[in-house]
Structures are given as C-alpha cells and as structure tokens.
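Architecture and fold: a report
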Amino acid sequence: MASITSVIKYEGDNSTFIWKHPNEDFNTLTQLIVHESQEAVFMMNGEAMDLFGPGRYTLETQNIPKLGRFIKAITGSKDPTPFHCEVYFINKTVQMALKWGTDSKVRYIDPEYGIPLELGACGEMNMMVSDSRKLLIKLVGTMNGIAWEQQGSSFTKSIQNCFKPLISTQVKSNLTTAIKASNINILEVDEHLNELSEVLKERINPGFEDYGLTIPEFYLTTVVLPENDPNFKKIRDLHAVSLQKRVAFAESEVRKAQVEAAAEVSKTKAQTEVEVVAAQRVAELEKQTTETEILRREAERKIIATQAEAQARAIEASGEAEAIKAEGLAEAQVMTAKGYNQKDVLQADVQKAFAEGIGNMGGNGGGGGSTMSDILGLGIGLQAAGAMGSQVSGIFAGMAPQNQQTSSDAQILCPNCGNKLPSNAKFCLECGSKIETLQADVIICPSCGKKTPKGKFCMECGAELSKKCPNCGANIPAGGKFCLECGTRL
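Residues numbered from 1 in each chain as written. Predicted model: local features only at pLDDT ≥ 70, side-chain atom pairs only at ≥ 80, totals over all residues. Heavy atoms only, no water.

What follows covers the side chain of N205. Inspection of the secondary structure assignment puts N205 in helix 4 (residues 193–209). In this structure N205 comes out as buried when scored by relative accessible area, which is 12%. From its side chain, N205 meets the backbone nitrogen of I215 in a polar contact 2.8 Å long. For N205, the contacting residues outside a window of four places in its chain are T214 and I215. (Helix = DSSP H or I, 4+ residues; strand = E, 2+ residues; numbered from the N terminus. Buried < 20%, exposed > 50% of the residue type's maximum accessible area, 1.4 Å probe, protein only. Polar contact = N/O pair within 3.5 Å; in protein donor to acceptor, adjacent residues only side chain to side chain. Contact = heavy atoms within 4.5 Å.)

In this model, the chain carries a mean pLDDT of 78, and residues with pLDDT of at least 70 account for 75%. When pLDDT is averaged over each element of the chain, helix 4 comes out on top at 95 and helix 8 (residues 390–397) at the bottom at 45. Low pLDDT (under 50) marks residues 1–5, which in the prediction has 9 contacts with non-local residues, meaning those over four places away or in another chain. Across residues 364–369, where pLDDT falls below 50, the model places 3 contacts with residues more than four positions away in sequence or in other chains. (pLDDT = per-residue confidence, 0-100.)

What follows covers the sheet that holds strand 2 (residues 16–20). In spatial order, the strands read 5-4-7-2-11; together these 5 strands make up an open sheet with antiparallel pairing. Two strands close off the open sheet at either side, each with one partner strand: strand 5 (47–52) and strand 11 (145–147). On average, each strand axis in the sheet is inclined to that of its neighbour by 20°, with strand direction left out of account. Sheet topology places strand 2 next to strand 7 (residues 85–91); 3 bridges connect them, and they run antiparallel. Counted as the bridge partner of K20 is Y88 from strand 7. Across the face of the sheet, helix 2 (residues 132–140) comes into contact with strand 2, strand 4 (38–44), strand 5, strand 7 and strand 11 while running at roughly 145° to strand 5. (Pairing = 2+ DSSP bridges. Axes fitted to C-alpha atoms, helices over the stretch in contact; angles between N-to-C directions.)

Scanning the model with the defined rule gives 7 aromatic pairs in all. Ring geometry for F52 and Y57: centres 4.9 Å apart, planes at 55°, overall tilted. On the basis of relative accessible area, F52 is assigned to the buried category, the value being 6%. Here W100 and F218 contribute two aromatic rings whose centre-to-centre distance is 4.9 Å and whose plane-to-plane angle is 20°, an arrangement assigned as stacked. Here F218 lies in strand 12 (residues 213–224) and W100 lies in strand 8 (residues 95–101), a separation of 118 residues in the sequence. Through successive ring pairs, a cluster of aromatic residues spans Y10, W19 and F89. Across from the ring centre of Y211, 5.0 Å away, lies the NZ or CZ of K138, which sits over that ring. (Phe/Tyr/Trp six-rings, centres within 6.5 Å; stacked < 30°, edge-to-face > 60°. Lys NZ or Arg CZ within 6 Å of the ring centre and 35° of its normal.)

This is the structure:
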C-alpha cells in the first residue's frame, strides 16, 4: 500500500483539462481541497463515486455515502480502513486560442466560372469542459490526464489529436458549401469570415459535446488561396473585367440617376410654381368674390333700406289720404245732416254769380255795346267762379275773347273714385273726397299719396295708376269702381 496522504489538491498547470493526483489508496480521514473553476471526481476501484465542487472536504463515509456503504458491506465495521482510491481534478476554465487547421487542401469549384481551385483553412477556438464525468469516462479512462496539445506527464494522447479528424472533416465538408450558399466571391472571402465561422461552429460543436466538451467560440481566421495557381489567376483576371463592367454600369446608373434627379427637381419646381400661381389666382378670385359679395350685400342693404323707406312713405301717404278722406266724409256728413250737399252749394254759387251778373247789366250807360259787354262780363264772371255747368259754359265760350281760354275745358279725376271734375274743384261730387288742385298732367298716387305725372305707374312707389276695362279696354284710373266709358262695374 502506498503511503497515506493527508492533503490532496491540484498540482497541475492551467493548460491541462484533467489531471490525476499521483497518490492513491488513502484512508477516509484525508483532506481534499478543490479550487474555484475546478471539480474533483472520487474514484474507488475504478468506479466514479462522487463529484466535489470548490471547497475543503474530509474523505469520510459521511461525505461519501457510497463509500460508507461499500466499506460496511466489505468489513462490517465503520472504522477507518485503508482502501484503493483515486482523485481526478477537472479544470473548468475556458481554454482559449486553441489552434486548428485542415490536414489537406479543400476542393472548390467556382460557381460563376466553373474553374476548380484548392483551398486551405485554419483558425483558433475556445474550449471548456461541460460534463466532467462524461469526459473522464469516455476520453481519459485510466490515463493520468489529458491536455490540448501536450502528451507529457504520462499523458498518452492529446485532445487536439483526438479531435483533429473531426475538425478537418467538418471544415472540408461545410466550408465550400457555406461559401456557395452565401453566394460569396472567392476573392472576397475574407469579408465573410464571421458568418463562415458560425456555420462551422454549428457543425463541429456537437462532436465535442458527445465527450463532455463544448466550444463557446470557433474562429475561421484564414482561407488559404492558391496564389500561384493559373486557374486562380484566370479567375482574378475575369473578376477584374467583371469589376470594371460593374463600375462602368454603376457610373452610368449614377449619371442616369443624376439626370432623373435633375429632371424630377425641375418637374417639382415647375409644379410648385404652377401651384403657387394657382394659389395666387384662387386667393385673388376669393378676394374679388369677397369684394363682390360685400358690394352685393351693400346693394341689398340699400335696396332693403329704400324699400323700407318707400313703405314708410306709402304708409304715411296712406295715412294722410285716409285722414283727408275722413275729413271729406265728415264734411259731407255734416252737409247731409244740414239737408244739402256739395251740389246744392255749387248750384247756389252759380245762381248767385248769375244774379250778380244780371244785376250789373246796363250799369255802363245803356246802348247795345254796353249790354253785350254786361253779358260777356256775366259769362266771364261765371267762368271765373268755376261753377257754371257745361251748357252755360258752352253758351259763353263762343262769346269770350279769342285770346282768353275757358277753365271748364280743364278737368281732373277724383283720386278716390275716378270721377271727372273741373280743375278748380275742391271736393268730389260723387264721393265727397277733398280734391287738391293739380296740374293738367299731374295726379295724386292712390297708393303713396304723392304727386306724380300721368302714366301707368307711380314714379315714387311704382304702384299701378290705371288699368284696362275688361269690357271695352278703356283706361280706368286706379281706385275707380266703374268704367268711365261703358259704365262696367269693376
């Protein structure tokens, strides 16, 4: 039996993945020290009993339940008893910058020109232990340990040599496929090393995980191109020609784009100017429309004001006419109450004037000439009084001097009933309305009460002054109830 060791701890270097402690067959009171980023596997009689993480442990049956059951089954006692055991330390740190490369050239057929080439590939990767038991059982076995490259310290093999075929095969199988799948030009392959590295990592990592290892990062750092190969030179020349064509095409596209841009700018500028002019026209039209609307409203306001004023005047004239009519009716009623009317007054005036004329006859000394003068004076006096009837006026009209016009020829119409009256009449003989003295060609408008020339419409309010008789077609003054020609009642 080997000497008993009181303390067991890791004494290997940092590049080693698994290291076996050289001492074996220690008792259950031995101290086990496991550092950070390490794990320890306790082996007894070739069987992995327990896995220890960072810390200090006393190897006794309480810490190793499997060991206690084993000892009790063999000896029937719990006393410390020497037994055959081993301890393996596993380094959990990430081993970085582990180099790899293909053992031979990779055949590649250029998809654009169909020219074959041979490529080389190499790089680095980072690796760490993901499952200590799996790595120990499937890869290390009974060896003293394992590292990436070194085979010293009784290491019979290295991880690099173990996985070199796997790496080479996966790189050869997937590198050219990834280049074609990504449509990468072989002369521009260095620009796509990152995406090619990810593709290769996805293909290679599962093979390492089967043995308890993992690859956090995998780097394709170099794709070795056959610089001296005539086929590669031909591809380079063809690529240069193609590049020149693409450059020329790109320049033509740029010039075309510049021309189109300039045309678009000109078009946009013209459209903008047209829109500005149209907007100005619309603004001017709106301004003119607004001014026209203002003028129209002002005209409407004036028309409304004029109509209101005309209506006010018509109402005022109507009121005055009604007042005059009422006054005339009142006077007629008074005369009726006294037993006579305006016709009686007129006849009395005529008789009085006639009597005065008879009384004055012969007052000039007698003689025929004097008598004729008295008769003429009587006729003229009656005419001046304006009270002679049509028969007396006709008798004296022929006897009057040639240069004097009789007043009975001039007639006016009653504004109320339309009856013909002498020009100097003050009241209507038919309705008793008070008559204002008017000129021969001027009448009173029955609507507004204003004086207006004879015609069909009033110059003040526009009311109709006369209308046609439906029987004979004669003109009838406004307000008349009977036709003056045929007597038809309206």
